[in-house]
Amino acid sequence: MTTHFIGDTGVLLGRSLRHVTRSLDTIITTTIMPIAFMLLFVYVFGGAIDTGSEPYVDYLLPGILPITIATGISYTAFRLFLDMKSGIFARFQSMPIARSSVLWAHVLTSLVANLLSVVVVVGVALLMGFRSGAGVLAWLAVTGILILFTLALTWIAVIAGLSATTVDGASAFSYPLVFLPFISSAFVPTDTMPGPVRAFAEHQPVTSIVDTIRDLLTQQPVGTDIWIALAWCVAILVVAYTFAMVTYRRRISRGSA
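Residues numbered from 1 in each chain as written. Predicted model: local features only at pLDDT ≥ 70, side-chain atom pairs only at ≥ 80, totals over all residues. Heavy atoms only, no water.

K.L.:
Help me understand the pattern of salt bridges, please; the structure alone is not making it clear to me.
P.N.:
Counted by the stated rule, this structure contains two salt bridges. Ionic pairing is found between Arg-198 and Glu-202, a salt bridge with its closest N-O pair at 2.9 Å. With Arg-198 and Glu-202 both in helix α9 (residues 195–202), this residue pair falls four residues apart, about one helical turn. A relative accessible area of 35% means that Glu-202 is categorised as partly exposed. A salt bridge links Arg-214 to Asp-211; the shortest N-O distance between them is 3.3 Å. Note that Arg-214 and Asp-211 are positioned in helix α10 (residues 205–217) at a spacing of three residues, about one turn of the helix. Across the pair, exposure class does not vary: Arg-214 and Asp-211 are buried alike. (Salt bridge = Lys/Arg side-chain N within 4 Å of Asp/Glu carboxyl O. Helix = DSSP H or I, 4+ residues; strand = E, 2+ residues; numbered from the N terminus. Buried < 20%, exposed > 50% of the residue type's maximum accessible area, 1.4 Å probe, protein only.)

Structure, rendered in structure tokens:
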């Protein structure tokens, strides 16, 4: 059964990746907004933001990476919605393939596409002066956190793609996720914020994720932030995956009824 699932997922993943490679403009579009934010904040607002002796681009990049991912997952919901509307899911159900492999192919495609977008954004940050003395293990830890964060948000995108009734509705769910880093430590230290805003910023998932990535890249002690970040990512992933599978089964049973 496991071999059957892996094989089916691999075939469908190849199909989804071919669609992405034929429309590389989606990856370019995904990176435009976070790169624009990075340019705006570094070259326009950066001089007025005090981050100590640390260059602002070094402070900012860890906050731009979650925005990159939040922007990219909207395309997962969009592609999933189109597949549902085209009837291809119904055709897949008539074939001897593992049902969940259809969703996992979209999820893994999202992971690959978002990691490519992250690489592009990091490359632009290097051109803007970003530097890190972090070792291989620190970079692997950062990659692992971003992968877990991408998977968590992608399963939310799956719910949106399965539940939406319009194309716009399929991607609109990502707007709050893109906005969330703005009320976090992504752009400025949270201790500069007024009381209620600071309380929210310090107790939402993006802040712990950004702070962990920032500490890893600047070779600072990570402390408990990494465990809080991992707990948030795992909790979101488990809940989103559960609801996505329930939604998927309902849609499939409704379509076959």
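After presenting the structure, the write-up continues.
K.L.:
Help me understand a nonpolar patch on the surface in this model?
P.N.:
There is a patch of nonpolar side chains on the surface, built from Leu-39, Leu-40, Tyr-43, Val-44 and Phe-45 and spanning about 470 Å² of accessible area. You can see Leu-39 is positioned in helix α2 (residues 25–45). Residue Leu-39 is classed as partly exposed on the basis of its relative accessible area of 37%. (Patch = residues over 30% accessible without salt bridge, like charges linked within 9 Å, V, L, I, M, F, W, Y side chains within 5 Å. Areas by Shrake-Rupley, 256 points an atom, 1.4 Å probe, with all protein chains shown as cover.)

K.L.:
Looking at this model, I keep getting lost on the side chain of Thr-247. Mind explaining?
P.N.:
Within the fold, Thr-247 resides in helix α11 (residues 225–256). A distance of 2.7 Å separates a polar atom in the side chain of Thr-247 from the backbone oxygen of Phe-243. Once you skip the residues sitting within four places of it in the chain, Thr-247 turns out to touch Ile-159, Leu-162 and Ser-163. (Polar contact = N/O pair within 3.5 Å; in protein donor to acceptor, adjacent residues only side chain to side chain. Contact = heavy atoms within 4.5 Å.)

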